[in-house]
Structures are given as structure tokens and as C-alpha cells.
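The chain contents come next:
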Amino acid sequence: MTTTIKSVAVIGAGQMGVGIAHAVALGGYKVRLYDLAADRLPAALGTIAASLARQVERGLVTQAQADTAIANIAAVETLAEAGKADLVIEAAVEDEATKKAVFVELTPHLGADTLLASNTSSISITRLASATDRPDRFIGLHFMKPAPVMKLVEIVRGIATSASTYETAVAFAESLGKTTTNAEDFPAFIVNRILVPMINEAIYTLYEGVGNVASIDKALKLGANHPMGPLELADFMGLDVVLAIMNVLYDGLADSKYRPCPLLVKYVEAGWLGRKSGRGFYDYSGDVPAPTR
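Residues numbered from 1 in each chain as written. Predicted model: local features only at pLDDT ≥ 70, side-chain atom pairs only at ≥ 80, totals over all residues. Heavy atoms only, no water.

Inclusion rule: UniProt positions are given in the numbering used here, feature names are shortened, and annotations may be inferred rather than shown by experiment.
Looking at an unreviewed UniProt entry, one finds the protein chain named 3-hydroxybutyryl-CoA dehydrogenase and attributed to Brevundimonas staleyi. According to the UniProt record, the Sequence similarities (unreviewed entry) comment for the protein chain is "Belongs to the 3-hydroxyacyl-CoA dehydrogenase family."

Next comes the structure, spelled out in C-alpha cells:
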């Protein structure tokens with residue numbers, strides 16, 4: 001049975017949750033935005049309004065579209081309110097126990113036909129689905145960061161995901177103006193299975209003194225035509241997210257080539273997580289990001 005999606009709940013008002021709520025509201029859906037820390041919600045709504053204003057300035061959307069998108073988003077303070085949406089997208093921190101806890105708490109509040117999705121960038125959809133009462137109506141919808149701008153959504157089926165859930169998910173992502181790619185449910189799927197080990201290798205290159213931050217990023221931007229250098233991209237993603245994905249690959253595939261670089265571990269231990277903490281492979285305290293090594 002195909003579900004008609006009119007309302008969408010987004011669980012988690014961090015960078016990804018806010019970006020997904022923005023993209024979905026701009027796509028014409030009613031959005032309920034929830035975060036365990038309810039005091040984060042006003043700032044999250046402010047971030048979305050500011051982002052939409054920038055899109056209007058650049059001529060990417062009209063003022064009317066931006067106004068409608070803002071009107072489409074409501075902050076909700078309970079999972080009971082979030083659970084009544086036609087589709088619930090979980091965008092909590094990239095930690096399996098945290099995500100499963102969200103689904104366990106959310107499940108009693110779901111409508112009979114509600115579809116569930118996770119925005120996980122690496123964790124097994126099959127395992128996450130097992131924490132719910134509807135593994136057949138559970139799917140991975142992996143939006144790229146920043147979600148309002150990036151065109152791709154990876155669609156990941158768990159072993160129990162039904163054909164109708166998959167078809168609904170593809171149609172939903174395409175209705176947002178996104179392009180979809182189908183990935184099988186193996187650690188880190190397609191994009192991060194390829195991208196994050198490359199970033200990890202760049203960190204090893206720094207760790208071993210082959211090049212400094214500036215030279216490594218310049219080499220990949222100009223030598224491989226990448227829009228961002230790998231260390232710059234790591235800071236953008238969040239070094240904690242990069243480490244979490246490497247650990248999923250290392251644990252899930254038991255191959256030493258996925259061992260996280262010790263320097264990456266050290267930065268995360270120091271709380272140097274990249275842009276969001278103000279320091280990572282670059283220091284963001286000045287007008288221009290400055291390499292830290």
C-alpha cells in the first residue's frame with residue numbers, strides 16, 4: 001500500500017535536521033520539527049529563515065516561496081506530536097544506540113500508516129528498523145549536507161523494506177527536486193563508503209608529514225578538481241561524524257584499511273570537531289579559516 005505524504009516530522013534540530021526541514025518545507029510539505037532539547041528549536045527556526053533569505057537574495061527562490069516554506073514549519077515539543085505525521089525522518093546524532101532509543105520512544109506515537117526514515121550516513125537500516133514495529137515501512141533517506149543545496153538523496157532499503165515503501169521514498173525525494181541513488185544496506189552505503197576513507201587517508205597523509213593542511217587541500221582541489229579539499233570537507237562534515245563513519249566501516253567490515261587515523265581520534269578527543277566547534281584542521285576564529293597544522 002502506497003502512503004500519500006502530506007506531513008513530515010523531522011527528529012533532531014541539528015545541522016542536518018534543520019537542512020532537511022528547510023528542503024522539505026520548500027517542497028510544499030507541512031513539517032513538524034522536534035528536538036530532545038526543546039530550547040534549540042527557536043534558533044533552528046531562525047537558521048532556516050536566514051538560509052531562505054539568502055536563497056531569495058541569490059534568486060534561487062522567490063520571497064513568496066520562502067514565506068510559504070517558513071509557514072509550513074512548526075516546532076513541536078513532544079514525540080507524540082511528531083509521530084502523527086505521514087513520514088518521520090530521524091536526523092539524530094550518528095550513534096546507533098541514540099537512534100534506536102529515538103525509534104523505541106517514537107513507535108507508540110505513530111499513526112498506523114506512518115512511514116519511518118533515518119538520515120543515517122553509515123548505520124545499518126535493517127538494525128535500526130528492528131527497533132520499531134514496522135520494519136517493512138522503514139527506509140534510509142540519506143540527504144547530503146547541506147540538504148537544501150545538495151541534489152543527491154541516497155535511498156537505502158533494509159532487508160524488510162517493502163517495495164511500496166521504497167517507491168514512496170523515491171517519489172518523495174524527487175518531489176523535493178532531488179536526484180536519488182539506490183544503495184544496498186552495507187556499512188556507509190555508497191557516498192561515505194568511498195568519500196570518508198579518502199578523507200581518512202588525507203588525515204594519514206597529514207599525520208605522516210607528507211604534506212601540511214594547506215598543501216593537501218590545494219593538491220586535491222587543483223590536482224583532482226575537487227571543490228573542497230579533503231581536510232576542509234572533514235571540518236565541514238564534523239570530525240566526530242567522520243570518525244563515527246570510519247568506526248562503522250572498521251567494525252562492520254573488519255578490514256584494517258578502515259582503521260581511523262590516530263590524529264583524527266585525537267582531534268575528536270580534544271573537542272576539535274571542525275566548523276561547528278570553531279576549530280578542526282582549520283581555526284575558524286578569524287575572518288579567514290587558518291590551517292592548524
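### Brief notes about the UniProt feature "domain: 3-hydroxyacyl-CoA dehydrogenase NAD binding" (unreviewed entry) in the protein chain
So the rule is basically this: Strands are runs of DSSP state E lasting at least two residues, helices are runs of H or I lasting at least four, and both sets are numbered from the N terminus onward.
Those places that UniProt annotates as "domain: 3-hydroxyacyl-CoA dehydrogenase NAD binding" (unreviewed entry) correspond, in this numbering, to residues 7-185. Annotated as residues 7-185, this span is 40% helix and 22% strand, and its ends, taken at the C-alpha atoms, are 26 Å apart.

### Digging into the pairing of strand E2 (residues 30-34)
Selection criterion: Pairing between strands requires that DSSP locate at least two bridges from one strand to the other.
Bridging between strand E1 (residues 7-11) and E2 involves 5 bridges; their strand directions are parallel. By the bridge assignment, Ala 9 is partnered in E2 with Arg 32. The pairing of E2 with strand E3 (residues 73-76) spans 4 bridges and is parallel. If you follow Arg 32 over to E3, its bridge partner there is Ala 74.

### Observations regarding helix H8 (residues 191-207)
The line we're drawing: A helix is expected to reach a length of 1.5 Å times the quantity of its residues less one. Only protein chains enter the accessibility calculation, which uses a 1.4 Å probe. A residue is then buried if its area is under 20% of the maximum for its type, exposed if over 50%, and partly exposed in between. Contacts were defined at the residue level, with two residues in contact if any of their heavy atoms lie within 4.5 Å.
Between the first and last C-alpha of H8 there are 24 Å, a value that for 17 residues agrees with the 24 Å anticipated at 1.5 Å per step. Buried within H8 are the following residues: Asn 192, Val 196, Pro 197, Ile 199, Asn 200, Ala 202, Ile 203, Tyr 204 and Leu 206. On its buried face, H8 sits against strand E6 (138-143), helix H9 (213-223), helix H10 (230-237), helix H11 (239-253) and helix H12 (262-269). Of the residues one or two after H8, Gly 209 is the one with positive phi, at around 80°.

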